[in-house]
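Chain by chain, the residues run as shown.
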Amino acid sequence: MICSNMNRRYFIFGLSGLASCARDSRPRLNVYNWSAYVAPETIPAFESEFGVRVRYATYESNEEMLAKVITGNSGWDIVVPTHSRIESMRAAGLLASLDHAALPNLANLDPRFRAPTWDPSLAFCVPYMWNGTGIVYNKSLHPAPTRWADLWSPALKGRLTMLDDPEDMLGACLKKIGRSFSETDPEQLHRAESEAIAQKPLLRAYLNAEVRDQLVAGDVLAAQLWSTTAQQAIDAAPQLAFTYPAEGFPFYCDCAVILRESRRVELAHKFLNYLLRPAVSAQIVQATRTATANGAALSLLPEETRNNPSLYPGPETFARGEWPHTVPTATQRLRDRIWTEIKSA
Amino acid sequence: MKLREWFLLPARAWMAVLFAAPFAIVLAYSLMTRGDIGGIAPPWTAESYARLIDPLYLTILWRSFVMAAVATALCLLFAFPAALFISRSTSHRNLYLQLVMLPFWTSFLVRTYAWLFLLRDTGLINTLLESLGLTHAPLPLLYNDGAVLLGLVYGYLPFMVLPIYATLERLDPALVEAAADLGARPMTTVFRVIVPLSKPGIVAGSILVFIPCLGAYLTPDLLGGGRTVMVGNLVQNQFTTARDWPFGSAISMALMLIVTLLLVLFLRKESESLV
């Protein structure tokens, strides 16, 4: 039943009839976020506290989200791109600038995320959750892998997977030869390609989150994986462990932004400020097993979560991490070609 | 407007909105330049098509054709006897037809995932083989071309069975009897009488299987473990990680063009051979 008072007259009046039969006149905020990135209570609690409705939907990749918001007329108010996309989204004029006066809870941010390289004054984004890419492995492996280079060991043949993601996969090869994740030099990129092609015969497959079950089942002994996904596997199978490779590795921070097309900027700020509450953030962390950029939330977390070395690496490990940024078009094109060459090798 | 025209209007509107318009958009995109975060930007250029003439992409295209052709041949091999059996059965014909179509009740994605659980090291097949003592180590059933072919044949088999069944059902049984009366053995009857007469169904089924197999991206991704790329994956990749919509559109257009040309040539040859 769409509307209890719908009668023939409203039906004849068509659109005006439909408008008058809208169930709910509360303002509506449109939030488009990664899947499994809030706690079940997060959205309903916001709706009841602020007397609003939230249209909430999820995506699985930055590209899926970008394909919609690129039109500038997507109907979303808030999206959560990865940090490396912020700069180009800003350059494309997709982002609204933030009013810090409406975001007092920014003070709760972890100091490491108060002036990030991708948006030093937080003019456009609020760091939300972060994770890194490393190696998850079965503790029966001796010696345990500690470097990317260990994933080139013939002993792992057929029991090893790498991510089906050009940035991360090629990135690991670049780190192995001592280069940056955001390398643009064609010669170095081709060297990384040779590394990838040399490793391919050892690989079982290129898999993303779906490797989780095979790690738990013991089919796969070592895998390149994101720390959050790895932690979910470790929770299910204590024989697994996670390590951030010695050569360096990437961190990714997903950041909430308000789109310039938004017509509910004030409400959107209220939502961002709500997400920055320590209690809300802690609740989300507990539900999703990810790492929050909210420093004040940490004290509300159980000690074993707060000190979990894969979710919250210590200062030494943290310093080895790199925050990849978007590479120029020409490099992106070369990287995609290299990726296709690796896949068809 | 004549009455006939009015009745054709829904079909024409359907084709205009769901075929012609998207086709025009893809064509336009293929002639533009890549935007920084995806999407498209001016100026107009044919550069994406020029990039296609490259051994790397042509090899992928060729391999996709081979995979699709092998999958179609395997489908035909399995589908023909099944269709013949169904058309000859008397009491349970409808039940058998329902069974052929039964998989469509479940999403293709879910069914492909189910194969992952059957084929993996600790999956049903390997566990069974090992518990029977037939193997001592898991067979590598997943993440190779064989698994991709299996997935394609499994997914598109009904599209081969149904058209062949449709022609066999209309086959005049008197012709088969006549062959037998003239002394043909059953196998001879099948290959000299039934197969030639069911050619329209075989052709329709082969087209229905070959084209979706050629564009498949889900099956090579899930069952092939991303170790090989088919042209469908190449297109998908341009719209996702590579953020190169014009190139993705150009590959799609080229693929459509090649398939259409092949189809036209093939059907023309067919109609000549019938004359």
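Everything quoted here is computed from the prediction, not taken from an experiment.

As a further point, take the overall build of chain B. The helix and strand tally for chain B stands at 13 helices and two strands. Considering only residue pairs separated by 6 or more positions, chain B has 66% of its internal contacts joining residues 24 or more positions apart. Of the roughly 15500 Å² that chain B leaves accessible, carbon and sulfur atoms contribute 73%. Side-chain charges of chain B comprise 18 positive and 15 negative groups, with the mean position of each set lying 4 Å from the other.

Another point: the packing of helix α5 (residues 108-119) of chain B against helix α7 (residues 145-169) of chain B. All names here are of chain B. Between α5 and α7, the shortest axis-to-axis distance is 11 Å and the interhelical angle comes to 140 degrees. Taken together, the axis directions place α5 and α7 in an arrangement best described as oblique. Crossing of α5 against α7: the hand is right-handed. Where α5 approaches α7, its residues F108, R111, W115 and L119 are matched on the opposing element by A147, L150, Y154, G155 and Y156.

Here the focus is the domain arrangement of chain A. All names here are of chain A. We note that the domain assignment places domain 1 (15-130 + 254-312) and domain 2 (131-250 + 318-344) within chain A. Spacing between the C-alpha centres of domain 1 and domain 2 amounts to 28 Å. At the junction of the two partners, domain 1 supplies 15 residues and domain 2 supplies 14 residues. Both sides together, the interface formed by domain 1 and domain 2 hides about 1300 Å², and carbon and sulfur atoms give 53% of it. In terms of surface lost to domain 2, no three residues of domain 1 exceed W130, R289 and S310, which account for 43% of the buried area on that side.

Attention now moves to the interface of chain A and chain B. The partner chain B presents 34 residues to the 33 residues of chain A that form the contact. At the boundary of chain A with chain B, total buried surface from both sides reaches about 2900 Å², with 50% on carbon and sulfur atoms. Counting the surface chain A buries against chain B, the share from its top three residues, E63(A), R204(A) and R333(A), is 19%. Connecting chain A to chain B are five salt bridges. Residues R204(A) and D121(B) are paired through a salt bridge, measuring 3.2 Å at the closest nitrogen-oxygen approach. Between the two partners, chain A and chain B, sit 14 residue pairs in polar contact (both at pLDDT 80 or more). Mapped by element, the contributors of at least two residues to the side of chain A that touches chain B are α4 (62-69), α5 (83-91), β6 (203-206), α8 (211-217) and α15 (329-344) of chain A. The dominant element in the side of chain A that touches chain B, judged by the number of residues it contributes, is α15(A), at ten residues. In terms of residue class, the side of chain A that touches chain B is built from 13 nonpolar, seven polar and 13 charged.

Scoring rules and cut-offs
- Residues numbered from 1 in each chain as written.
- Chains lettered and ligands numbered in written order.
- Predicted model: local features only at pLDDT ≥ 70, side-chain atom pairs only at ≥ 80, totals over all residues.
- Heavy atoms only, no water.
- Helix = DSSP H or I, 4+ residues; strand = E, 2+ residues; numbered from the N terminus.
- Contact = heavy atoms within 4.5 Å.
- Areas by Shrake-Rupley, 256 points an atom, 1.4 Å probe, with all protein chains shown as cover.
- Lys, Arg positive; Asp, Glu negative; His and termini not counted.
- Charge placed at Lys NZ, Arg CZ, Asp CG, Glu CD.
- Axes fitted to C-alpha atoms, helices over the stretch in contact; angles between N-to-C directions.
- Parallel < 35°, antiparallel > 145°, perpendicular 65-115°, else oblique.
- Left-handed = near helix turned anticlockwise from the far one by under 90°.
- Domains from an automatic or database assignment.
- Buried area = accessible area lost by both parts, 1.4 Å probe.
- Salt bridge = Lys/Arg side-chain N within 4 Å of Asp/Glu carboxyl O.
- Polar contact = N/O pair within 3.5 Å; in protein donor to acceptor, adjacent residues only side chain to side chain.
- Nonpolar A, V, L, I, M, F, W, Y, C, P; charged D, E, K, R; others polar.

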